[in-house]
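Descriptive structure summary
The residues making up each chain are set out below.
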Amino acid sequence: MTAPKKLFVKTYGCQMNVYDSERMAEALAPQGYEQTEVAAEADMILLNTCHIREKAAEKVYSELGRLKALKVDKPDLKIGVAGCVAQAEGEEIMRRQPAVDLVVGPQSYHRLPQMEAKLRDGRKALDTDFPAEDKFDTLRTRPKGRRAPAAFLTVQEGCDKFCAFCVVPYTRGAETSRPVSRILEEARDLVDRGVREITLLGQNVNAYHGTGPDGREWSLAQLIWALNEIDGLARIRFTTSHPNDMSDDLIEAHGSCKKLMPYLHLPVQSGSDRILKRMNRSHTAESYLRLIERIRAARPDIVLSGDFIVGFPEETEADFQATLDLIDAVGYGYAYSFKYSTRPGTPAAERALVDPAVADERLQRIQALITRHQTAVQEAMVGREVNVLVEKPGRAPGQMLGKSDHLHAVHIEQSSAQVGDLVPVRITQSKRNSLAAVTIR
Ligand code: SAH
Ligand code: SF4
Ligand code: F3S
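Calculation rules
- Residues numbered from 1 in each chain as written.
- Chains lettered and ligands numbered in written order.
- Predicted model: local features only at pLDDT ≥ 70, side-chain atom pairs only at ≥ 80, totals over all residues.
- Heavy atoms only, no water.
- Helix = DSSP H or I, 4+ residues; strand = E, 2+ residues; numbered from the N terminus.
- Buried < 20%, exposed > 50% of the residue type's maximum accessible area, 1.4 Å probe, protein only.
- Domains from an automatic or database assignment.
- Salt bridge = Lys/Arg side-chain N within 4 Å of Asp/Glu carboxyl O.
- Polar contact = N/O pair within 3.5 Å; in protein donor to acceptor, adjacent residues only side chain to side chain.
- Near = heavy atom within 4 Å.
- Nonpolar A, V, L, I, M, F, W, Y, C, P; charged D, E, K, R; others polar.
- Contact = heavy atoms within 4.5 Å.
- Pairing = 2+ DSSP bridges.
- Axes fitted to C-alpha atoms, helices over the stretch in contact; angles between N-to-C directions.
- Core = buried A, V, L, I, M, F, W, Y, C linked by side-chain atoms within 4.5 Å.
- Expected span 1.5 Å × (residues − 1).
- Areas by Shrake-Rupley, 256 points an atom, 1.4 Å probe, with all protein chains shown as cover.

1. Points about unusual backbone geometry
- Here the amide bond leading from threonine 239 into threonine 240 is cis, since omega sits at 0 degrees, within 30 degrees of zero.
- With respect to the helices, strands and loops of the structure, threonine 240 is situated in the loop between strand S11 (235-239) and helix H11 (248-256).
- Of note, phenylalanine 162 is a non-glycine position whose phi angle comes to about 50 degrees, a positive value.
- Looking at the secondary structure, you find phenylalanine 162 in the loop between strand S8 (156-157) and helix H8 (168-171).
- In this structure phenylalanine 162 comes out as partly exposed when scored by relative accessible area, which is 38%.
- The backbone of leucine 407 sits at a positive phi, close to 70 degrees, despite the residue not being glycine.
- Mapped onto the elements of the fold, leucine 407 is located in the loop between strand S16 (400-404) and strand S17 (409-413).
- Among the residues examined, leucine 407 registers a relative accessible area of 31% and is labelled partly exposed.

2. Regarding the domain arrangement of the protein chain
- When its domains are assigned, the protein chain resolves into domain 1 (5-127), domain 2 (144-261), domain 3 (287-380) and domain 4 (385-439).
- Relative to domain 4, the C-alpha centre of domain 2 lies at a distance of 26 Å.
- Inspection of the region where domain 2 meets domain 4 yields one salt bridge.
- A salt bridge links arginine 235 to aspartate 405; its shortest N-O distance comes to 2.7 Å.
- Counting across the domain 2 and domain 4 interface gives six residue pairs in polar contact (both at pLDDT 80 or more).

3. Describing the site of ligand 2
- Around ligand 2, the surrounding shell consists of Cys159, Lys161, Phe162, Cys163, Phe165, Cys166, Val168, Pro169, Asn204, His242 and Arg281.
- Partitioned by chemical class, the residues of the shell around ligand 2 number seven nonpolar, two polar and two charged.

4. A closer look at the side chain of arginine 23
- Along the polypeptide, arginine 23 turns up in helix H1 (residues 15-28).
- On the basis of relative accessible area, arginine 23 is assigned to the buried category, the value being 1%.
- In this structure, arginine 23 is in contact with Tyr109, Phe136, Leu139, Arg142 and Glu186, ignoring residues within four places of it in sequence.

5. Considering the sheet that holds strand S12 (residues 263-265)
- If you walk across this open sheet you meet the three strands as S12-S13-S14, and the pairing is parallel. Of all strands in the sheet, those bounded by a partner on one side alone are S12 and strand S14 (334-339). For this sheet, the mean inter-axis angle between neighbouring strands, taken without regard to orientation, is 10 degrees.
- Here helix H15 (residues 356-381) sits on the sheet and contacts strand S13 (303-310) and S14; the angle it forms with S14, its principal contact strand, is near 175 degrees.

6. Details of the nonpolar core
- Core analysis: the largest hydrophobic core is formed by 54 residues, its most contacted members being Leu200 and Tyr332.
- Two domains each put at least three residues into this core: domain 2 (144-261) and domain 3 (287-380).
- The residues touching tyrosine 332, leaving out its near neighbours within four places in the chain, are Val268, Tyr288, Leu304, Ser305, Gly306, Phe308, Leu326, Ile327, His373, Gln374 and Val377.

7. Some points on helix H9 (residues 180-192)
- Between its terminal C-alpha atoms H9 stretches 18 Å, which fits the 18 Å expected from 13 residues at 1.5 Å a residue.
- Among the residues of H9, Val180, Ile183, Leu184, Glu186, Ala187, Asp189, Leu190 and Val191 are the ones counted as buried.
- Buried residues belonging to H9 abut H1, strand S7 (150-154), strand S10 (197-201) and helix H10 (220-228).

8. Some words on the site of ligand 1
- Near ligand 1, the surroundings consist of 14 residues, among which Phe165, Gln203, Gln269, Asp307 and Ser341 are the closest.
- Interatomic distance of 3.1 Å between a side-chain N/O atom of arginine 53 and an oxygen atom of ligand 1.
- Taking glutamine 203, its main chain carries an N or O atom lying 2.7 Å from a nitrogen atom of ligand 1.
- In isolation ligand 1 exposes 540 Å². Once the protein is present, 89% of that is buried.
- Taken together, the elements giving at least two residues each to the shell around ligand 1 come down to S13 and S14.

Printed below as a string of structure tokens:
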């Protein structure tokens, strides 16, 4: 028997790329590939890339420049680029970095086995199609064996919203939803392998409209209620949602579905209606705030998070101030903020930029405000009893790490809990990016 070949996968970008990386490794397993954590040991290296901001895309080229050196000692090493940079730049990647042997897009990676065979023949392989077949149908059988207690599951992919700044509709393609039966089958399999928490993934996950067992289109809320029936599954989350797709049944589920966790990531991008319009977001700051009120009425203790872009073309100080006001009005438990990055091919790419020094200064101000709110939400947790899903041992003896229902990272001190246990704890302290807790006896 020949020794197994080694595959090294490095993942950039969003949670869907984390899920896809796992599926790519599964696709290559029948070709004799085992995963390694050490790039220098690998027979094949795959970079699963992100194109969302210029920096994310440029990182890939500097990494490729470094990895190329490994080919000197190992001429048979194959280097591949997958993900959204692969989709956006295609063949150009091989022109810019000739050490690249393979380029595969997010909708065609189920064809990796055939592409790998091509590489073995000494050829290069490129596939950035949007095939008609469902990649997950080809990748249907998943390996057996225990898994970590929290897992991702892609249910929806792509986006038809075309926000003026965003590459996702071009890199991931049109919005599609997987059928309900396939998702339930995958979820049951995950639970059989030790998973207790599933995060449903989609670029626009609450636009989910997959075919149900009754032949009709099911909403995300209907899917969540079906998952709620799976014995052994303790927690359900979903990300990322668009404000315009927060349907009544989904808001209602946040109030009544026990397994659906009290946390919601609901990006708004800006608090200025003028900028929202130019971003093609098709909601206003006011409609977003009214939506938040309805969600909080259904689930008063829900922790909210968001995404913000600062320095979008033509953003004035008054527009920016409106964003700060919206953050104060919502009181996010967490938020991501990004300096606007021009993406070639998107509508906003043609517009005049805000002075970069002004954008930098706004980014610092928004981040300081977000941190204040994050701290306030964390401090309000002190003294409360919450459940934690234990994910791994901590550094200190007897310490275990996990996530609370509200998605806070929690350190449990002097714990006898095991990985995979769901334990009630009392929060004792708020730290910078986590909470400390003790077990309730
Ligand atoms: N599908 C999700 C996430 C898209 S990407 C959604 O609709 O919310 C994640 C975040 O990156 C976005 O919410 C946005 O805040 C940010 N982003 C997207 N394009 C960007 C760009 N050109 N410059 C800076 N930030 C960007
Ligand atoms: Fe991008 Fe907008 Fe679609 Fe989100 S909703 S993926 S920001 S185009
Ligand atoms: Fe990046 Fe593609 Fe995800 S651009 S954020 S990896 S969908």
